[in-house]
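Read off the chains here:
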Amino acid sequence: QGLGTISDAPDFDPSADAETLYNAMKGIGSDKEAILDLVTSRSNAQRQEVISAYKSNYGKDLIDDLKYELTGKFERLIVSLMRTRAQHDAKEIHDAIKGAGTNERCLIEVLASRTNQQIHDMVAAYKDAYGGNMEEDVITDTSGHFKKMLVVLLQGTRDESGVVDADLVEQDAQDLYAAGEEQWGTDEAKFIMILGNRSVTHLRMVFDAYEKIAEKSIEDSIKSELSGDFERLMLAVVQCIRSVPMFFAKRLYKSMKGLGTADNTLIRIMISRSEIDMLDIRECFRLSYEKSLYNMIKDDTSGDYKRTLLNLCGGDDDLAGEFFPEAAQIAYKMWELSAMTKVQLRPTVRPASNFDPAADAQALRKAMKGFGTDEDAIIDIVAQRSNAQRQEIRQAFKSLLGRDLMKDLKSELSKNLERLIIALMLTPAEFDAKMMRKAMEGAGTDEHALIEILVSRSNEQIQAMNAAYQEGYKKPLEEAIQSDTSGHFCRILVSLVQGAREEGPADNERANVDAQELADACNADSDDMEMKFMSILCTRSFPHLRKVFQEFVRYTNKDIEQIIKKEMSGDVKNAFYAIVRSVKNQPSYFADRLYKAMKGLGTDDRALIRIMVSRSEIDLFNIRKEFKETHDASLHEFIQGDTSGDYRKTLLLLCGGED
């Protein structure tokens, strides 16, 4: 295949290389550049010959010398490059299970992604290096279904014949459905047997058949049926069946994102894939994230360690190039999956049972009467009632006490806690209207807020917001938008604020025409392109757009997201990008917005409040799951670390769980 970035060096002379390395380490200090340039420009097989030549010529062990001369992550990386692939895998497994604690993620990554031959070689190398039996050591160190699946994978007996039996495909899909979604409790053994033994081609067809039966992806079923390390392992196996390069692109992204870098993961993947499929991994990375793998490594590491990793990565991918066939297929499949999946939206805030608005109103009054304020009492009531219930409390407060609850809350609370509690007390339409107003008042405009609200609300919600805006601020929202924004961006917002997006399923024939028109528009000048995008992206239903974006991949061999990033700029780009992200997976779009609101210096509290409040009764549970999936940390942890006091307490109640 030749999709690695490292291959055999031509005119290779192991003796000369051994001498170069010997001279680079001679005397005081070492010439690290000479070492890293040589090591990363030879294949693994050639490095083994250099090790032999070094011993023959100098009577010393090259790996020992390198360990002595180099330090830190750079040393780990260079020394790991010198080991054979099987030795490196064996060492990773050994390190993952020896000593206190087990690195389950390493076990999962290695065992889910290796071929039968690679597993057999690794098991042999393990015995050779440590005298033990890998299977026995893994069994000692793990338990339950997680252990059983690891043992199955360690056999290295997955069917690699490539023969597919259509009846068996159908049978396996039915069996998986019966083992999970169809019954109380899960028959894990079925999952283990089928996912651990069937061939890749066969399983890809099983997953397609499964989606038709279950109306959700096999991944979604695994997430709801299994848990813990077993769930993580099965998801990894499924991801590797679908696409090994995509699996590694995701692991690499997680290893560098968020706080600190998981260097062991980064080193392990860059080394083990450099001669196999690094180009495909780069391609999948580009498809999934906003920057190239090269730039991510460049921003996240430093020194000789960075230079070595960049050599292994190969090049920086221009974000606009066309896909390799493999990535185009993945992109096409991703849209198809997004179209097939019926997502069960789940809130985190539900109506309270045994609700008594009069009692709540009295309790709130008591919490605010006299000196001091009982914030806890206020938070416990407000954050644990549905919005409809809060409106009843507002009314009861006025009927029973002749007072305005909003005014009382404003005078008793302050800062972010006040903003959050008031946000919860407003009706959704009032709150949306207020957020639109806040985004436009004063000197600057918060374009991101305008985009997020208008892109993610239903027609009904937009119409209610328009009415609330008119009521509250005595002018039409559309007028406010026109006086605050300009150009194509203004037109996009005006189009969205009509709340007239089509509703209903995809029309396949029309989706093909739309996709073709978008594809043609990519060759027009930017004005025409933006208008054409607007006429389709701002008016068609989400299910229809999924189909359009899927067919767009077929016509152009590019993903619509990348075209938008490359060809457009500023607010127009951000608006179209938000539409595409919402169409693809709205909870994931919100998870990303929450992440951006909290990461880095300072917190964008307005965005944090806006999303937590407006999604708490719709899909905040799904957003939490997406957050965890993408950022390897839970939303709960982020809020915990980024906010404080009663404000934090209220946000965590809305968040509703730790994941």
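Reference entry: report on the structure contained in this document.

Procedures and definitions
- Residues numbered from 1 in each chain as written.
- Predicted model: local features only at pLDDT ≥ 70, side-chain atom pairs only at ≥ 80, totals over all residues.
- Heavy atoms only, no water.
- Axes fitted to C-alpha atoms, helices over the stretch in contact; angles between N-to-C directions.
- Helix = DSSP H or I, 4+ residues; strand = E, 2+ residues; numbered from the N terminus.
- Parallel < 35°, antiparallel > 145°, perpendicular 65-115°, else oblique.
- Left-handed = near helix turned anticlockwise from the far one by under 90°.
- Contact = heavy atoms within 4.5 Å.
- Buried < 20%, exposed > 50% of the residue type's maximum accessible area, 1.4 Å probe, protein only.
- Polar contact = N/O pair within 3.5 Å; in protein donor to acceptor, adjacent residues only side chain to side chain.
- Salt bridge = Lys/Arg side-chain N within 4 Å of Asp/Glu carboxyl O.
- Arc of directions from axis to C-beta.

**With respect to the packing of helix 5 (residues 72-82) against helix 17 (residues 263-273)**
Where helix 5 meets helix 17, the closest approach of the two axes is 10 Å, and the angle between their N-to-C directions is 30 degrees. When the axis of helix 5 is compared with that of helix 17, the two are roughly parallel. Viewed along their axes, helix 5 and helix 17 form a crossing whose handedness is right-handed. Taken together, the residues of helix 17 that come into contact with helix 5 (itself represented by K73, R76, L77, S80 and L81) are D263, N264, I267 and I271.

**Comments concerning helix 2 (residues 32-40)**
Among all positions in helix 2, only I35, L36, L38, V39 and T40 are buried. Contacts made by the buried residues of helix 2 are with helix 1 (14-25), helix 3 (44-58), helix 4 (62-69), helix 5 and helix 20 (303-313).

**So, the side chain of T301**
Within the secondary structure, T301 sits in the loop between helix 19 (293-300) and helix 20. A polar contact of 2.7 Å, which involves the side chain of T301, links it to the backbone oxygen of I297. With sequence-adjacent residues up to four places away left out, T301 is seen in contact with L266, K306 and L309.

**Let's talk about the pattern of salt bridges**
Under the defined criterion, the tally for this structure stands at 40 salt bridges. Where E430 meets R394, a salt bridge forms, and the shortest distance between an N and an O atom there is 3.1 Å. Of this pair, E430 sits in helix 27 (residues 428-440) while R394 sits in helix 24 (residues 387-401), and the two are 36 residues apart along the sequence. Residue class for R394 comes out partly exposed when judged on its relative accessible area of 22%. Three or more residues joined by partner-sharing salt bridges are found here, namely E92, E109, R251 and R268.

**Some remarks on helix 30 (residues 477-484)**
Buried residues of helix 30: L477, A480 and I481, and no others. What you see down the axis of helix 30 is that its buried residues fit within an arc of 100 degrees, all on one side. For helix 30, the elements touching its buried residues are helix 27, helix 28 (447-456), helix 29 (459-473) and helix 31 (487-497).

**Here's the deal with the side chain of D408**
Among the structural elements, D408 can be located in helix 25 (residues 405-412). Its relative accessible area of 10% is what places D408 among the buried residues. At 2.8 Å, the side chain of D408 and the side chain of R403 are in polar contact. Leaving out residues up to four positions away in the same chain, D408 has contacts with R365, M368, F397 and R403.

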